[in-house]
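Spelled out from the first residue to the last, the chains are:
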Amino acid sequence: MHIFILTGAGISAESGLGTFRDAGTGLWARFDPMKLATPEAFQQRPAEVQAFYNWRRQNLLTASPNPAHLALARFGDALYRRSGRLTLVTQNIDDLHERAGSGDVLHMHGELLKARCLDCHAVTAWREDIATHSRCAACGHIGALRPHVVWFGETPLYLDLIAEWLPTADLFLAIGTSGAVYPAAGFVATARRHGVPTCEINLDPADNASLFDQAFYGPASDAVPAWCERILARLDASRAP
Ligand code: OAD
């Protein structure tokens, strides 16, 4: 069985990282994404944009994976032991899936703990603030580093692998994403077109909730471990002699 999971900010909400669109508390309710998350903003106000991502990077370093991240890591291993496969795609730029133990996570919106050099294009691990005097570890250029994240107007990463693997899945699950940002918001429609059953776990119904065959509403830390157990129990029952 091949299960394709897409995660969004909701899975990291209980780790204290906050979401983008939750009323009042969401990052984009407090900050204007056009001023902080576009290539134009970076060109016009690099220090302001770097400060925003430096702040988010420092927050991330104090956060820990929650039971939803841990359940998905165990689920991936359990599926593998049953000759199955988990594709884990996240819109999140945090590393909480990896710290929980998940391998091969596709970060379609990039990774906060990496920096990219605008000169040599090398991507390097980065845990400190990025400053105007930061030096690229690969080419030595000073002042050419940016966060390795995808901004509005830029193309998300791994779209070729996603286009190849999503139609081959036996089940598509979206966790903690509002279905407001494409192309990720379109994955459920792609799955349906290819006859892949679809399921949503969310606190509130996503914008595209009507496209899901099944939905479980509740905090990810409860709903995700419960979902994983149900799927494994169903798999084991179908394999019982
Ligand atoms: P959103 O903030 O748009 O949506 C978060 C979703 O998580 C909502 O549906 C919430 O109901 C749900 N949620 C909140 N707390 C939850 C909890 N404890 N358990 C389960 N669900 C919970 O975040 P995304 O959909 O991830 O892109 O946003 C997609 C993209 O928009 C982000 O990757 C980012 C943003 O602009 C870029 O920065 C390019």
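Residues numbered from 1 in each chain as written. Predicted model: local features only at pLDDT ≥ 70, side-chain atom pairs only at ≥ 80, totals over all residues. Heavy atoms only, no water.

Asks: Looking at this structure, I do not really get the environment of Cys199. What am I missing?
Replies: Of note, Cys199 is situated in strand β8 (residues 198-202). Taking the C-alpha atoms as reference points, Cys199 and Phe212, 13 residues apart in sequence, are found 5.3 Å from one another. In this structure, Cys199 is in contact with Phe172, Leu173, Ala174, Phe212, Gln214, Phe216 and Trp227, ignoring residues within four places of it in sequence. (Helix = DSSP H or I, 4+ residues; strand = E, 2+ residues; numbered from the N terminus. Contact = heavy atoms within 4.5 Å.)

Asks: What's the story with the sheet that holds strand β5 (residues 123-125) in this structure? I'm lost.
Replies: Strand-to-strand pairing in sheets goes through backbone hydrogen bonds, with the strands running parallel or antiparallel. Taken together, the three strands give an open sheet; going across it, the order is β5-β4-β6, and neighbouring strands pair in antiparallel fashion. Edge strands, defined here as strands with exactly one partner in the open sheet, are β5 and β6 (145-149). On average, each strand axis in the sheet is tilted by 45° relative to the strand beside it, whichever way the strands run. The pairing of strand β4 (residues 110-117) with β5 spans three bridges and is antiparallel. Across the sheet, the residue bridging to Ala115 is Thr124, located in β5. Where helix α5 (residues 46-62) meets the sheet, it contacts β4 and β6, and its direction lies at approximately 135° from that of β4. (Pairing = 2+ DSSP bridges. Axes fitted to C-alpha atoms, helices over the stretch in contact; angles between N-to-C directions.)

Asks: In this structure, what is going on with the site of the ligand? I would like to understand it.
Replies: Around the ligand sit 24 residues, and of these Phe20, Arg21, Trp28, Thr177 and Ser178 come closest. Between a nitrogen atom of the ligand and a main-chain N or O atom of Ala220, the distance comes to 2.8 Å. Burial of the ligand by the surrounding chains reaches 94%, relative to a free accessible area of 790 Å². Among the elements that take part in the shell around the ligand, helix α1 (residues 9-13) stands out by supplying three residues, more than any other. In terms of residue class, the shell around the ligand is built from 10 nonpolar, 10 polar and four charged. (Near = heavy atom within 4 Å. Polar contact = N/O pair within 3.5 Å; in protein donor to acceptor, adjacent residues only side chain to side chain. Areas by Shrake-Rupley, 256 points an atom, 1.4 Å probe, with all protein chains shown as cover. Nonpolar A, V, L, I, M, F, W, Y, C, P; charged D, E, K, R; others polar.)

Asks: Could you clarify how one ought to interpret the pairing of β6 in this entry?
Replies: In summary, the side chains of a regular strand alternate between the two faces of the sheet. Of all five residues making up β6, five are buried, and the element is well covered by its neighbours. Bridge count between β4 and β6: five bridges; the pairing is antiparallel. Pairing of Gly110 across the sheet is with Val149, part of β6. (Buried < 20%, exposed > 50% of the residue type's maximum accessible area, 1.4 Å probe, protein only.)

Asks: Can you help me understand unusual backbone geometry in this one?
Replies: The bulk of non-glycine residues show a negative phi, and the bulk of peptide bonds are trans. Look at the link from Tyr182 to Pro183: it is a cis peptide, with omega at 10°. Counting through the fold element by element, Pro183 comes out in the loop between β7 (171-175) and α9 (187-193). For His121, which is not glycine, the phi torsion reads 70° and is therefore positive. Note that His121 resides in the loop between β4 and β5.

Asks: Whenever I open this one, the environment of Ala125 confuses me. Can you help?
Replies: Looking at the secondary structure, you find Ala125 in strand β5. Ala125 sits in the exposed class, given a relative accessible area of 69%. Each C-alpha atom of the pair Ala125 and Leu113 lies 6.0 Å from the other, and the pair is 12 residues apart in sequence. If we ignore the near neighbours within four places in the chain, the residues touching Ala125 are Leu113 and Lys114.

Asks: Hey, could you run me through the packing of aromatic side chains in this one?
Replies: The description of two aromatic rings rests on the distance between their centres and on the angle between their planes. Taken as a whole, this structure holds 13 aromatic pairs when the rule is applied. On the basis of an interplanar angle of 45° and a centroid distance of 5.2 Å, the ring pair of Phe42 and Trp151 is categorised as tilted. With Phe42 in helix α4 (residues 39-44) and Trp151 in the loop between β6 and α8 (159-165), this residue pair connects regions lying 109 residues apart in the sequence. The class of Phe42 is buried, set by a relative accessible area of 13%. The exposure class of Trp151 is buried, given its relative accessible area of 2%. Taking 6.4 Å as the distance between ring centres and 15° as the angle between the ring planes, the aromatic pair formed by Phe172 and Phe212 counts as stacked. Separated by 40 residues along the polypeptide, Phe172 in strand β7 and Phe212 in the loop between β8 and β9 (214-217) bring together distant segments of the chain. Judged by its relative accessible area of 1%, Phe172 falls in the buried class. Residue Phe212 is classed as buried on the basis of its relative accessible area of 11%. (Phe/Tyr/Trp six-rings, centres within 6.5 Å; stacked < 30°, edge-to-face > 60°.)

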